[in-house]
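# Observations on chain architecture
Okay, here's what each chain looks like letter by letter:
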Amino acid sequence: MGGKWGITGSCLRMNWDCSNLGFGRFYNSLPPISKAFGTVCVATTAAYHLGVFNPYYAALLYAPVFKQFQVWRLVTNFFFLGKFSVNFGIRLLMIARYGVQLEKGPFERRTADFLWMMIFGAFSLLALAAIPMLWTPFLGVSLVFMLLYVWSREFPNAQVNIYGLVALKAFYLPWAMLALDVIFGSPILPDLLGILAGHLYYFLTVLHPLAGGKDMLRTPRWVRKLVARLRLGQPAQVHSQPERSTGTAFRGRSYRLNG
């Protein structure tokens, strides 16, 4: 899939132009899971700046989780992307661009599959962060990088423009963003964790089945029931699954159903 993508700018140049839409219409046009994730992240950071939210009580600290049963930390740590800053804006833009493009493209009418991808990514990151040398208190940035990694594999040949200076294929974008974090002094561990989780998901759902293995990450029935009960997204279309070849792992792949 082609097209040119900018990494910065005030408008999302995907299937719409924000300058031609009021904010309300633009916000309502976003798919449900990406919209919910981005909204909660903005609300959490706003609460922090208003002084009504202490990040300590949302951080991923395993000792309080197991000793004091503060199990909410396993969820809340994913929704704090840091204070309002340029980095926060870039992370939010990544959700609004790459998460939305995934949910409106390869996962169109597959809201349950997209939600399951996010849940699997969250569990993978929690498992990785349980390793002392890989621990980080907040995994929101890692989850964003997972979305970016999966997007880069679904649209590997899309042209991406970074800050109007460098053009490259989307396949290399996660590593380019990681390199930028190194240059600007941001911690790279969250980025690496997200890339690892994204590759694990892509390997289990695409590369392994292409090599003749079984798809081990079919969306559970309870996730489908949850999405149906909450009336999220649109019903999935039933159509035949296209044939794949090993080359599609690097060209991107056709839309598929995990049902």
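No experiment lies behind these values; they were computed from the predicted model shown.

## Re the pattern of salt bridges
Scanning the entire structure with this criterion turns up 3 salt bridges. Among the ionic pairs, Arg91 bridges to Asp181, the shortest N-O distance being 2.8 Å. Within this pair, whereas Arg91 is found in helix H5 (residues 86–104), its partner Asp181 is found in helix H8 (residues 173–183), the two being separated by 90 residues in sequence. The partner of Asp113 in a salt bridge is Arg224, and the shortest N-O contact between them spans 3.0 Å. Of this pair, Asp113 sits in helix H6 (residues 111–129) while Arg224 is found in helix H10 (residues 221–230), placing the two residues 111 residues apart along the sequence. According to the relative accessible area criterion, Asp113 is buried, its value standing at 2%. Its relative accessible area of 31% is what places Arg224 among the partly exposed residues. Through salt bridges that share partners, Arg110, Asp113 and Arg224 make up one connected network.

## Remarks on the UniProt feature "transmembrane region" (unreviewed entry) in the protein
Following the UniProt record, one finds the feature "transmembrane region" (unreviewed entry) at residues 36–62, 74–95, 115–148, 160–180 and 192–211. As a span, residues 74–95 carries 59% helix and 0% strand, and end to end its C-alpha atoms are 20 Å apart. Helix makes up 38% of residues 160–180 and strand makes up 33%, while its end C-alpha atoms are separated by 15 Å.

Definitions and cut-offs
- Residues numbered from 1 in each chain as written.
- Predicted model: local features only at pLDDT ≥ 70, side-chain atom pairs only at ≥ 80, totals over all residues.
- Heavy atoms only, no water.
- Salt bridge = Lys/Arg side-chain N within 4 Å of Asp/Glu carboxyl O.
- Helix = DSSP H or I, 4+ residues; strand = E, 2+ residues; numbered from the N terminus.
- Buried < 20%, exposed > 50% of the residue type's maximum accessible area, 1.4 Å probe, protein only.
- UniProt positions renumbered as here; feature names shortened; annotations may be inferred.

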